[in-house]
Amino acid sequence: MSDVPEGWELICGLEVHCELATTTKLFCGCRNRFGDDANTNVCPVCLGLPGSLPVLNGEAVEYAMKLGRALNCTVNASVFARKNYFYPDMPRDFQVTQFDRPTNTMGYLDLPAGKRIGVTRAHIEEDTGKTSHAGGDGRIHGAEYSLVDYNRAGVPLVEIVSEPDIRSADEAKAYVDELRKIVLAIGVSDAKMEEGSMRVDANVSVRPAGSTEFRTRCEIKNINSLSSIERAIRYEANRHIGLYDAGERPHQETRHWDEENQRTRAGRSKENSDDYRYFPEPDLLPLEPSAADIARIDASLPLLPAARRGRLADVATVSAERAGLIVDRGQDEFAFRAIGAGADPARVLVHIEQNLKDGFGAMGIDEFVRLVAMETENKLSATQTKQVLAELVAAGGSPEEVAKARGFEAMQSSDLAAIVDKIIAENPDDWQRFVAADDKDANKIYGFFAGLVMKATQGKADGKAVREIFMQRRA
Amino acid sequence: MVMSQRLTRDDVAHVARLARLRLSEAELDEFTPQLADVLAHAEDIERLDVGDVAPTAHPLPLRNVFRDDVVRPSIDRDEVLAAAPAAQDGQFRVPQILGEEQ
Amino acid sequence: MTIGSAFDIAAQVRAGTRSARAVVDECLAAVDAREGDVHAFNLVLADQARAAADAIDARVANGEDPGPLAGVPVALKDNLCTRGLPTTCSSRILEGWRPPYDASVVQRIVAAGGIVVGKTNLDEFAMGSSTENSAFGPTRNPHDLSKVPGGSSGGSAAAVAAGFAALALGSDTGGSIRQPAALCGVVGVKPTYGLVSRYGLIAFASSLDQIGPFAANVRDAALLLEVIAGHDEMDSTSIPQASPSLVDVLDDGVDGLRVGIIEELSGEGIAPDVLAQLHAAATALEKAGAIVETASVPATIYGLSAYYLIAPAEASSNLARYDGVRYGNRVDGASTTEMMEATRTAGFGAEVKRRIMLGTYALSAGYYDAYYGKAQRVRTLIIRDFARAYERFDVLLCPTSPTTAFALGAKTADPLTMYLNDVCTIPSNLAGQPAMSVPFGVGDDGMPIGVQVLAPLQGEATMFRVAAVLEAAQKVGDHV
Ligand SMILES: [Mg+2]
Ligand SMILES: [Zn+2]
């Protein structure tokens with residue numbers, strides 16, 4: 001489905017705020033923790049009390065640089081700046097952020113489908129407190145008063161700003177999804193959109209297909225879930241097109257996604273909102289990471305989701321998308337090592353996808369590899385393999401012993417042939433139909449015979465071997 | 001054109017709004033020439049050619065000052081809220097917010 | 001009138017030959033006698049000081065050593081946070097606010113056995129040079145009640161000059177310790193930026209503010225600075241080094257020291273009587289073996305302009321937090337924006353409003369490069385010119401204030417005239433370098449004059465040696 005009518009192109013850039021999962025806040029030792037009672041994680045610093053001073057959390061900077069490198073950014077010498085505006089959720093009525101010298105610049109993120117989205121910058125800043133609106137209808141407009149909780153004030157954030165490279169709502173969602181996976185993989189944030197630890201603002205504009213101009217964009221805030229990203233962007237793009245079609249034009253503004261009514265609506269324009277009077281934060285000192293710091297960060301990064309998908313897809317000769325399911329479940333390392341140890345890739349993927357959804361339990365990689373080998377060497381039937389697998393996961397042990405204890409020994413082919421012949425003799429009418437049928441009908445009847453064999457052998461017979469014997473007898 | 005000539009009564013009114021200050025007409029009349037005087041004095045540096053001089057934001061050459069990510073005690077909420085002009089339900093209470101949501 | 005030097009008090013209290021309680025009582029008696037005229041304090045902590053003194057005496061009786069400031073009465077500028085005690089910045093907007101924490105310097109003074117006797121008056125949020133911009137009325141110069149004590153730390157300077165306290169702390173953003181020290185005839189020190197923790201000092205201009213001591217003599221100032229200096233992890237801009245040794249170098253003399261008189265700050269605009277004392281001071285140093293020459297620090301002439309853009313810019317941001325939401329006074333309004341406007345309009349005095357507007361303008365869109373950006377580059381020029389001068393000189397000399405104390409009301413109508421008082425003190429703040437004012441003679445009006453000694457970053461030890469020689473020269477009547 002196309003987001004916009006024929007003849008139009010959607011242009012989108014995203015600003016993603018990601019709360020860092022440090023133990024304490026950016027500039028003070030208060031806990032960085034969601035869900036505590038209001039105003040219990042506060043101190044003179046994060047309340048902005050007169051005389052208090054910020055001291056930078058080194059771990060937050062480390063996390064931010066990690067995220068920057070994971071997004072292929074250049075890590076720069078950087079400077080904190082004050083962004084000045086009055087709002088009751090900001091204890092000092094300015095936000096400490098980075099302005100002209102951000103920590104991370106010029107990176108990119110590759111979407112799973114292959115498209116590369118530029119990352120303009122990923123800078124460090126502090127979060128604000130939370131206001132809740134009371135009286136009236138509970139929304140900001142019409143509320144009689146508001147209450148402010150500063151637990152979140154001063155929580156470290158990285159704001160990741162993309163280039164306007166996104167061309168569809170689907171790409172926007174894929175970008176956020178992939179960014180989330182990266183953030184989780186490197187462990188710098190829990191990236192929960194529902195708790196606000198990952199927040200997405202979308203800059204949306206449209207232009208006639210084929211044109212290279214950039215038209216007026218609107219910034220959509222308050223997008224609270226992965227699914228609403230697509231809907232918000234699509235709505236906004238079509239709103240713009242509607243305006244252009246009517247001979248009007250959108251004006252640059254911040255709008256809010258109204259989940260209830262599935263539309264964006266204009267915020268009241270904030271007076272003087274564009275004059276933030278940025279200047280270097282005098283209470284903090286410049287950051288100058290050394291080449292050694294950056295090398296250390298690089299060395300500390302785990303393999304990222306894209307590389308993990310690629311790696312598994314390569315060894316298993318499947319699509320990156322299919323490998324992605326296993327990567328998302330964090331089971332790719334196990335799969336990769338099992339395949340590397342010689343296990344059949346197709347069986348490895350099937351087992352992990354279908355039979356190991358809840359994890360590997362007590363089963364080691366080596367045991368899994370040996371079990372898959374027993375299966376592919378026809379020593380165990382598929383059914384038997386599944387049963388052994390379940391037991392290995394639940395209780396550990398060796399696949400050989402588990403199979404033996406259950407009496408799962410591969411049947412001698414002569415024994416199997418005798419059983420098959422006995423069944424043919426006991427069901428002469430069906431056998432005649434089977435022999436006379438065309439291939440398509442024969443297949444259906446075969447299911448009946450196979451079932452009898454499995455019953456007779458208590459599932460020990462190898463399906464492939466059984467089929468071979470029947471086909472020989474039929475020919 | 002010198003900088004001080006740029007400072008008008010409207011500029012002062014605009015700046016006061018930015019700074020959340022309300023000025024009476026009489027105050028505008030008083031402050032405008034006073035601020036213009038200070039800016040006129042600053043014309044001496046306006047004339048300086050310092051394009052190749054790096055700005056100094058900070059008098060000390062300190063860099064990379066960090067704190068460990070270790071919890072320090074927060075302060076008691078009752079003490080915090082006792083200082084608040086208005087509080088309710090463990091939070092700071094403010095009149096309705098008419099500006100844009102951030 | 002005076003209770004004696006802090007150094008002697010501490011020695012006597014530690015030795016058990018004088019009780020801290022007796023010292024504090026003398027001090028409070030002086031307050032009772034003259035505070036009504038001088039108005040040095042926003043808050044006198046009589047009961048608390050007596051209790052603290054009793055505790056010190058008990059510790060001494062127990063054989064403990066309360067520390068280098070044992071029993072010494074200390075006055076704190078009322079922009080230093082004191083836990084549970086009103087801290088106002090002499091502003092209506094903070095009236096009644098009791099901080100939930102102590103400034104780092106306050107903790108250090110108390111840990112050293114010092115006794116806090118009160119919170120001193122200042123120009124509102126330290127913005128001023130006369131202590132007339134206090135919401136609670138002006139402080140008067142103890143040497144002449146018709147004159148200002150200087151500012152913004154006028155209350156602290158006056159408290160020491162009047163014998164209300166042996167020591168006091170002030171803050172110096174553009175001269176706010178040194179200028180009142182000069183006008184009140186006491187020693188005042190602005191340390192190297194970062195030598196003393198600013199944690200708990202209510203910010204005026206963060207890149208310029210520095211806490212420093214007032215004392216009746218050079219040795220006491222050194223003693224107090226030793227106690228409050230040294231690294232503090234609560235202030236990112238705190239120099240990561242231990243407190244310097246100052247008292248021990250005071251007798252080292254100035255033989256062979258190269259002293260430069262800053263020509264740009266020792267001519268035009270400086271009163272003749274002030275210049276005469278400056279040259280007398282130079283002569284005294286020469287007699288003590290120093291080599292005195294004229295020094296040039298050309299960019300200092302731009303200091304005033306740069307300062308009156310940088311300081312208000314930082315202040316406009318630092319003072320945004322007084323919005324009626326979390327603490328301090330609130331004036332209600334129909335909306336949060338209206339409440340904030342009403343609160344700030346009612347809570348700030350005219351000078352604070354002027355500086356907030358000036359700073360807001362200097363940072364606002366389209367003017368940043370012309371004002372704030374330019375001023376920061378000029379700051380670099382000043383640092384560069386000082387560095388060149390310090391290739392030739394160990395310390396520099398100039399007046400502290402262009403004139404002796406002026407009459408109350410003389411400069412309140414014209415802010416720029418008031419700002420010109422800071423012309424000699426501002427360059428050290430912009431450069432982050434230490435400077436101190438030492439009383440040296442009196443003017444034609446009989447009022448005290450201060451000579452300013454400047455040193456490079458962390459050059460406090462040399463600076464204090466020079467100050468000690470200047471002080472000694474006066475004691476033997478070796479000056480005009
Ligand atoms: Mg931001
Ligand atoms: Zn805190």
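Further up the page is the structure itself.
The following refers to the structure shown. From a predicted model like this one, the values you see are computed outputs, not experimental measurements.

1. Section: the coordination of the zinc ion (ligand 2)
All names here are of chain A.
Here's step 1: Looking at the metal site, the zinc ion (ligand 2) is ligated by Cys28 (SG), Cys30 (SG), Cys43 (SG) and Cys46 (SG), spaced 2.3 to 2.4 Å from it.
Here's step 2: Coordination geometry of the zinc ion (ligand 2): the 4 donor atoms subtend angles of 99 to 117° at the metal centre, consistent with an arrangement described as tetrahedral.
Here's step 3: Written as a sequence motif, the donor arrangement for the zinc ion (ligand 2) is C-x1-C-x12-C-x2-C. In this pair, Cys30 is assigned in the loop between β1 (8-19) and α1 (58-70) and Cys43 in the loop between β1 and α1, connecting sequence segments 13 residues apart.
Here's step 4: Its relative accessible area of 9% is what places Cys43 among the buried residues.

2. Section: the interface of chain C and chain B
Here's step 1: Taken together, the 72 residues of chain C in the interface contact 54 residues of chain B.
Here's step 2: Among the residues of chain C in contact with chain B, Met357, Tyr361 and Arg377 of chain C are the three that bury the most area, contributing 12% of the side total.
Here's step 3: In this structure, the connection of chain C to chain B is made through 5 salt bridges.
Here's step 4: Among the salt bridges present, the one from Glu30 of chain B reaches Arg354 of chain C, with a minimum N-O distance of 3.9 Å.
Here's step 5: Taken together, chain C and chain B are joined by 20 residue pairs in polar contact (both at pLDDT 80 or more).
Here's step 6: Residue contributions to the side of chain C that touches chain B peak at 12 residues, all from helix α12 (residues 369-392) of chain C.
Here's step 7: Residue classes in the side of chain C that touches chain B are distributed as 39 nonpolar, 19 polar and 14 charged.

3. Comments concerning the nonpolar core
Here's step 1: Membership of the largest hydrophobic core comes to 286 residues, with the highest contact counts inside it found for Leu14 and Tyr175 of chain A together with Phe125 and Phe464 of chain C.
Here's step 2: Setting aside chain neighbours within four positions, we find Phe464 of chain C in contact with Val189, Val218, Ala221, Ala222, Leu225, Leu246, Leu250 and Met436 of chain C.
Here's step 3: If you look at the next biggest cluster of nonpolar residues, it comprises 29 residues, including Ala313, Ala343, Val348 and Leu371 of chain A.

4. Thoughts on the coordination of the magnesium ion (ligand 1)
Residue and element names in this part refer to chain A.
Here's step 1: Looking at the magnesium ion (ligand 1), the protein donor atoms are Glu125 (OE), Glu125 (OE) and Glu159 (OE), and they sit 2.0 to 2.7 Å from it. With Glu125 in strand β6 (residues 116-126) and Glu159 in strand β9 (residues 156-162), the pair connects residues that are 34 residues apart, well separated along the chain.
Here's step 2: Residue classification places Glu125 among the buried residues on the basis of a relative accessible area of 4%.

5. Things to note about the sheet that holds strand β2 (residues 91-95) of chain B
Here's step 1: Reading across the sheet, the 4 strands line up as β7(A)-β8(A)-β2(B)-β1(B) and stay open at both edges, with antiparallel pairing between neighbours. With one partner strand each, in any of the chains shown, β7 (130-134) of chain A together with β1 (87-88) of chain B form the two edges of the open sheet.
Here's step 2: One ladder, built from 2 bridges, connects β1 of chain B with β2 of chain B; its direction is antiparallel. Among the inter-strand pairings, Gln88 of chain B is bridged to a residue of β2 of chain B, identified as Gln91 of chain B.

6. Points about helix α3 (residues 46-61) of chain C
Residue and element names in this part refer to chain C.
Here's step 1: The end-to-end C-alpha separation of α3 is 22 Å, in line with the 22 Å expected for 16 residues at 1.5 Å each.
Here's step 2: Against α1 (6-15), α2 (20-38) and β3 (115-120) lie the buried residues of α3.
Here's step 3: Directly beyond the C-terminal end of α3, a positive phi value near 85° is found at Gly63.

7. Some words on the pairing of strand β11 (residues 218-223) of chain A
All names here are of chain A.
Here's step 1: For β11, the tally of buried residues reaches 5 of 6 residues, placing the bulk of the element in the interior.
Here's step 2: Of the pairings in the sheet, the one linking strand β10 (residues 198-208) to β11 comprises 4 bridges and is antiparallel in character. When the sheet's bridge partners are listed, Asn203 is paired in β11 with Glu219.
Here's step 3: Of the pairings in the sheet, the one linking β11 to strand β12 (residues 254-258) comprises 3 bridges and is parallel in character. Within β12, the residue paired with Ile220 across the bridge is Arg255.

8. Let's talk about empty space enclosed by the protein
Here's step 1: In the structure shown here, the tally under the stated rule is 9 cavities of 30 Å³ or more.
Here's step 2: Considering only enclosed or pocket space, the second largest cavity measures out at about 60 Å³ in volume.
Here's step 3: For the second largest cavity, the full set of lining residues is Pro50, Gly51, Ser52, Leu53, Arg82 and Asp283 of chain A together with Leu201, Ala203, Ser206, Asn318 and Arg321 of chain C.

9. Here we look at the packing of helix α9 (residues 303-318) of chain C against α12 of chain C
Residues and elements named next belong to chain C.
Here's step 1: One can describe the packing of α9 onto α12 by two numbers: an axis separation of 9 Å at closest approach and a directional angle of 130°. With respect to each other, α9 and α12 are oriented oblique. Of the two elements, α9 crosses α12, and the hand of that crossing is left-handed. Facing α9, whose interface residues are Gly303, Ala306, Leu309, Ile310, Ala313 and Glu314, α12 presents Tyr371, Tyr372, Ala375, Gln376, Val378, Arg379 and Ile382.
Here's step 2: Among the residues forming the contact of α9 with α12, the class breakdown is 9 nonpolar, 2 polar and 2 charged.

10. Here we look at the sheet that holds β3 of chain C
Two orientations exist for strands paired in a sheet by backbone hydrogen bonds: parallel and antiparallel.
Residues and elements named next belong to chain C.
Here's step 1: Read from one edge of the open sheet, 11 strands run β1-β3-β2-β4-β6-β5-β10-β11-β9-β7-β8, paired in mixed fashion. Lying at the two open borders of the sheet, with one neighbouring strand each, are β1 (41-44) and β8 (291-295). The sheet shows a mean angle of 30° between the axes of neighbouring strands, taken without regard to direction.
Here's step 2: In this sheet, strand β4 (residues 167-172) lies alongside strand β2 (residues 73-77) in parallel orientation, the contact comprising 3 bridges. Bridged to Val74 within β4 is Leu167.
Here's step 3: Most of the contacts of α12 go to strand β9 (residues 395-399), to which it runs at about 115°, and overall it touches β7 (258-262), β8, β9 and β11 (448-454).
Here's step 4: Of the strands in this sheet, β5 (187-190), β9, β10 (435-442) and β11 are in contact with helix α15 (residues 460-475), which crosses β10 at around 10°.

Calculation notes
- Residues numbered from 1 in each chain as written.
- Chains lettered and ligands numbered in written order.
- Predicted model: local features only at pLDDT ≥ 70, side-chain atom pairs only at ≥ 80, totals over all residues.
- Heavy atoms only, no water.
- Donors = N, O, S within 2.8 Å, 3.2 Å for Na, K, Ca; no water.
- Tetrahedral: all angles 85-135°; square planar, octahedral: opposite > 155°, others 65-115°.
- Helix = DSSP H or I, 4+ residues; strand = E, 2+ residues; numbered from the N terminus.
- Buried < 20%, exposed > 50% of the residue type's maximum accessible area, 1.4 Å probe, protein only.
- Contact = heavy atoms within 4.5 Å.
- Buried area = accessible area lost by both parts, 1.4 Å probe.
- Salt bridge = Lys/Arg side-chain N within 4 Å of Asp/Glu carboxyl O.
- Polar contact = N/O pair within 3.5 Å; in protein donor to acceptor, adjacent residues only side chain to side chain.
- Nonpolar A, V, L, I, M, F, W, Y, C, P; charged D, E, K, R; others polar.
- Core = buried A, V, L, I, M, F, W, Y, C linked by side-chain atoms within 4.5 Å.
- Pairing = 2+ DSSP bridges.
- Expected span 1.5 Å × (residues − 1).
- 1 Å grid on protein atoms, 1.4 Å probe; cavity = no way out; pocket = protein on both sides within 12 Å on 5 of 7 lines; lining within 4 Å.
- Points joined across faces, edges and corners; volume = space filled by probe spheres on them.
- Axes fitted to C-alpha atoms, helices over the stretch in contact; angles between N-to-C directions.
- Parallel < 35°, antiparallel > 145°, perpendicular 65-115°, else oblique.
- Left-handed = near helix turned anticlockwise from the far one by under 90°.

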